[in-house]
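These are the residues of each chain, in order.
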Amino acid sequence: LPDDRHRLSGFRIVRGKLPEGKLLTDHTQRRWQRDVSQATSDWQPPADSDQPFFAEPREYVKIPETLRDGPLYVEHNHDPALAYCPNGDLLAIWYSTQTESGRELAVAASRLRQGAQEWEEADVFWNLAGRNDHAPAMFTAPDGTLFHFNGLGVDKGWGELVVVLRTSNDNGATWSAPRIIASPHGPRHQPIASAFGGSDGTIYLPCDADPGPKGGTVLHASRDHGAAWKDLSLGEPQPKFAAGKSGAWIAGIHAGVGEIEPGILVAAGRGDNIDNHMPWSISRDRGQTWTYSATPFPPISSGQRPVLRKFREGPLMLISFTPGSTFTDAE
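These lines cover the structure that appears in this document, whether it is placed above or below.

Conventions adopted
Residues numbered from 1 in each chain as written. Predicted model: local features only at pLDDT ≥ 70, side-chain atom pairs only at ≥ 80, totals over all residues. Heavy atoms only, no water. Helix = DSSP H or I, 4+ residues; strand = E, 2+ residues; numbered from the N terminus. Rg over C-alpha atoms; globule rule 2.2 N^0.38 Å. Contact = heavy atoms within 4.5 Å. Areas by Shrake-Rupley, 256 points an atom, 1.4 Å probe, with all protein chains shown as cover. Lys, Arg positive; Asp, Glu negative; His and termini not counted. Charge placed at Lys NZ, Arg CZ, Asp CG, Glu CD. Salt bridge = Lys/Arg side-chain N within 4 Å of Asp/Glu carboxyl O. Buried < 20%, exposed > 50% of the residue type's maximum accessible area, 1.4 Å probe, protein only. Polar contact = N/O pair within 3.5 Å; in protein donor to acceptor, adjacent residues only side chain to side chain. Phe/Tyr/Trp six-rings, centres within 6.5 Å; stacked < 30°, edge-to-face > 60°. Lys NZ or Arg CZ within 6 Å of the ring centre and 35° of its normal. Core = buried A, V, L, I, M, F, W, Y, C linked by side-chain atoms within 4.5 Å. Pairing = 2+ DSSP bridges.

**Description of the overall build of the chain**
A count of helical and extended segments in the chain gives zero helices and 20 strands. The C-alpha atoms of the chain give 21 Å as radius of gyration, which agrees with the globular expectation for 331 residues (20 Å, within 12%). C-alpha extents for the chain along the principal axes are approximately 70 × 50 × 40 Å. Contacts in the chain between residues far apart in sequence, at least 24 positions, make up 51% of those at least 6 positions apart. Surface exposure of the chain reaches about 18100 Å², of which carbon and sulfur atoms provide 52%. Each charge class in the chain was averaged separately, 32 positive and 40 negative side chains, and the resulting centres sit 8 Å apart.

**Notes on unusual backbone geometry**
Here the amide bond leading from glycine 70 into proline 71 is cis, since omega sits at 10 degrees, within 30 degrees of zero. Following the sequence through the fold, proline 71 ends up in the segment before strand 1 (76-84). Here the amide bond leading from serine 183 into proline 184 is cis, since omega sits at 5 degrees, within 30 degrees of zero. Structurally, the position occupied by proline 184 is in strand 8 (residues 179-186). Positive phi, normally seen in glycine, also occurs at histidine 225, with a value near 60 degrees.

**So, the pattern of salt bridges**
Applying the stated rule across the entire model yields 14 salt bridges. The salt bridge partner of aspartate 79 is arginine 305, with a shortest N-O separation of 3.3 Å. Separated by 226 residues along the polypeptide, aspartate 79 in strand 1 and arginine 305 in the loop between strand 18 (290-294) and strand 19 (307-310) bring together distant segments of the chain. The class of aspartate 79 is buried, set by a relative accessible area of 2%. Judged by relative accessible area, arginine 305 falls into the partly exposed class, the value being 22%. The network of salt bridges with common partners includes Arg30, Arg31, Glu121 and Asp123.

**Focus: the side chain of arginine 111**
Here arginine 111 is to be found in strand 3 (residues 106-112). From its side chain, arginine 111 meets the backbone oxygen of tryptophan 32 in a polar contact 2.8 Å long. A distance of 3.0 Å separates a polar atom in the side chain of arginine 111 from a polar atom in the side chain of aspartate 89. When near neighbours in sequence (up to four residues on either side) are disregarded, arginine 111 contacts Trp32, Val36, Cys85, Asn87, Asp89, Leu90, Leu91, Trp119, Glu120, Asn171, Gly172 and Ala173.

**Focus: the environment of aspartate 48**
By the element assignment, aspartate 48 lies in the segment before strand 1. A distance of 3.0 Å separates a polar side-chain atom of aspartate 48 from the backbone nitrogen of aspartate 50.

**Description of the packing of aromatic side chains**
As enumerated under the stated definition, the model contains nine aromatic pairs in all. Arranged with centres 5.1 Å apart and planes meeting at 70 degrees, the rings of tyrosine 60 and tryptophan 94 form a pair that is edge-to-face. Of this pair, tyrosine 60 sits in the segment before strand 1 while tryptophan 94 sits in strand 2 (residues 90-97), and the two are 34 residues apart along the sequence. Directly above the aromatic system of tryptophan 249 lies the positively charged group of arginine 188, at a separation of 5.0 Å from the ring centroid.

**A few points about the nonpolar core**
If you look at the biggest cluster of nonpolar residues, it comprises 33 residues, and the most contacted ones within it are Phe149, Leu205 and Trp290. Not counting chain neighbours up to four residues away, the residues in contact with phenylalanine 149 comprise Ala135, Pro136, Ala137, Phe139, Val164, Leu165, Ile181, Ala195, Leu205 and Trp229. Residues Val107, Leu146, Leu152 and Val162 belong to the second largest nonpolar core, which totals 17 residues.

**Things to note about the sheet that holds strand 17 (residues 279-283)**
An order of 14-18-17-16-15 is seen for the five strands of this open sheet, with the pairing classed as antiparallel. Edge positions in the sheet fall to strand 14 (246-247) and strand 15 (253-261), since each of these pairs with one other strand and no more. Across four bridges, strand 17 lies against strand 18 in antiparallel orientation. If you follow tryptophan 280 over to strand 18, its bridge partner there is serine 293.

**With respect to the pairing of strand 18**
Inspection of the sheet shows strand 14 paired to strand 18 by two bridges, in the antiparallel sense. Bridging across to strand 18, serine 246 finds its partner in threonine 291.

Following this line, the structure appears as structure tokens:
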């Protein structure tokens, strides 16, 4: 990435005779960008909304045999982000690797086209050679612009990341040149796949404040459609995550964040538990300060993340995990 600077930046100079022949470049389209419809979809529900509707899970991690030993892998596929496209497609991205801290880690993508019942086979979406491309996230703006956020390490691991942004205006078929929106390499730059838009047009990107299993979530925000970004709590002291306390960032890493009313943001996190329950954070000043309390829900741990989304009709939806549930009867 030409704009990137870090402690391992350097140059290798090779002296020798220029090779003959024509330079070959890879212009092959990936599966997720082939024949992408540019028609606008009206997003009709799959069934009568007055009746219950159930569907089997649809697997999207389908690594082709030709890619399974690199640049994609079958051993470890994790941390998915999902976006809807104006044409009715769904686009899923996630990282694929042998080890989470490895330099081989790359981001894969798959598309579920409108009307299709199965996700397509995966293909490479983003991969900088020799770098840990950790933690992808996506967001679809009201005007149809797709935002792709990604952490970019120095070499291996996710403790020294910058945040990279690309955008697409053709349903994810092509993407702008990547640019760094949060630097230098370090903490507070691990994107979480819960980016969302506020009622005033602000785009919010939550990022882990710490690379460890706890330590909270911070918000990066753009009020000009992604041109400029600000870490809303940069320079503020680390909060004490306890019931009734307040601070500059969200309790728990990997937080699901959303706007419940204009200017009022809410978040559920992993770790930093309060009274042995999942922590809850609420901000009444668009993410500048947060007040903490315990949710009524059990805490979650490694391999689990909450999802927090506001429905168009108004209600807030939280999807999380429990250690197990017991049903006493058919009701």
